[in-house]
Amino acid sequence: MTQTIRVDIVSAEAEIFHGDATMVIATGEVGELGITPRHAPLITRLKPGHVDVLQENGERQQFYVSGGILEVQPQVVTVLADTAARASELDEADVGLAGRRVDRRRGDRPDPVLDRVSDMRHHLDRFAKVMTCPLALDHLLEDLPRRDAVAGGERQV
């Protein structure tokens, strides 16, 4: 029998997912995280992007989060998302409508909150494309920055 870990994905609005998984994949502040049973305890901020939950039966549940916190405890992984949605519930038309609302409200005024929403729109657009075309995932992964360790910090390659 495969070992599993309980996974809870919640947002301010609702519980998005509750179940067991063999692995959770998410984008943390410093890169991709792969959480499996018996992972060391961890708390990190999440970047906007995908969270994949691999279940024992081989099924992959995919979610989009706009950011938040990921906490790993011995028996449970908790994703506290600012906003979250199942990938299957994402509607490209809704994403586009939200983006147009942001653009209309923004006008010529700089607004950091609306900038973040606009960034989220960009991530949702890319995520929706990846969900409809698995080959797009390869291109998306190629776009991710690689990091090399440099004395005194990190540098983009």
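These figures come from a predicted structure and were not determined experimentally.

### A look at the overall build of the protein
In terms of helices and strands, the protein carries three helices and 11 strands. Reading the helices (α) and strands (β) of the protein from amino to carboxyl end gives β-β-β-β-β-β-β-β-β-α-α-α-β-β. Counting all 157 residues of the protein, 34% fall into the buried class. Once local pairs closer than 6 in sequence are excluded, the contacts in the protein between residues at least 24 apart make up 46%. Accessible surface for the protein amounts to roughly 10000 Å². Of this, 52% is attributable to carbon and sulfur atoms.

### Remarks on the environment of Glu29
Counting through the fold element by element, Glu29 comes out in the loop between β3 (23-28) and β4 (31-35). With 38 residues separating them along the chain, Glu29 and Gly67 place their C-alpha atoms 9.8 Å apart. Discounting chain neighbours no more than four positions away, the residues touching Glu29 are Thr44, Arg45 and Lys47. Within the structure, the side chain of Glu29 is placed 2.3 Å from the side chain of Arg45, a separation counted as a polar contact.

### Examining the confidence of the model for the protein
Confidence in the prediction for the protein averages 75 pLDDT; 55% of positions are at 70 or higher. Counting contacts from residues 146-151, a segment whose pLDDT is below 50, to residues more than four positions away or on other chains yields 11 contacts.

### Thoughts on the pairing of strand β5 (residues 42-54)
For β3 and β5, the ladder comprises five bridges, and the chain directions are antiparallel. Each residue of the ladder has a partner; that of Met23, found in β5, is Leu54. Sheet analysis places β5 next to strand β7 (residues 68-72), joined by five bridges and oriented antiparallel. By the bridge assignment, Arg45 is partnered in β7 with Ile69.

### Some remarks on the environment of Glu15
Locating Glu15 in the fold gives a position in strand β2 (residues 15-21). Sequence separation between Glu15 and Leu80 is 65 residues, and the spatial gap between their C-alpha atoms is 9.6 Å. Discounting residues that sit within four places of it in the chain, Glu15 has contacts with Asp8, Ile9 and Val10.

### Digging into the side chain of Thr78
Checked against the element boundaries, Thr78 lands in strand β8 (residues 76-81). Thr78 sits in the buried class, given a relative accessible area of 15%. Among all residues touching Thr78, those that are not within four sequence positions of it are Asp8, Ile69, Leu70 and Glu71.

### Description of the side chain of Asp8
Topologically, Asp8 is positioned in strand β1 (residues 5-11). Overall, the relative accessible area of 11% leaves Asp8 in the buried class. Aside from chain neighbours lying at most four places away, what touches Asp8 is Glu15, Phe17, His18, Val76, Val77, Thr78 and Val79.

### A look at unusual backbone geometry
Most peptide bonds are trans, and most residues other than glycine sit at a negative phi. With a phi close to 70 degrees, Arg38 is a non-glycine residue in the positive phi region. Among the structural elements, Arg38 can be located in the loop between β4 and β5. Classification of Arg38 by relative accessible area gives exposed; the value is 72%.

Rules used throughout
Residues numbered from 1 in each chain as written. Predicted model: local features only at pLDDT ≥ 70, side-chain atom pairs only at ≥ 80, totals over all residues. Heavy atoms only, no water. Helix = DSSP H or I, 4+ residues; strand = E, 2+ residues; numbered from the N terminus. Buried < 20%, exposed > 50% of the residue type's maximum accessible area, 1.4 Å probe, protein only. Contact = heavy atoms within 4.5 Å. Areas by Shrake-Rupley, 256 points an atom, 1.4 Å probe, with all protein chains shown as cover. Polar contact = N/O pair within 3.5 Å; in protein donor to acceptor, adjacent residues only side chain to side chain. pLDDT = per-residue confidence, 0-100. Pairing = 2+ DSSP bridges.

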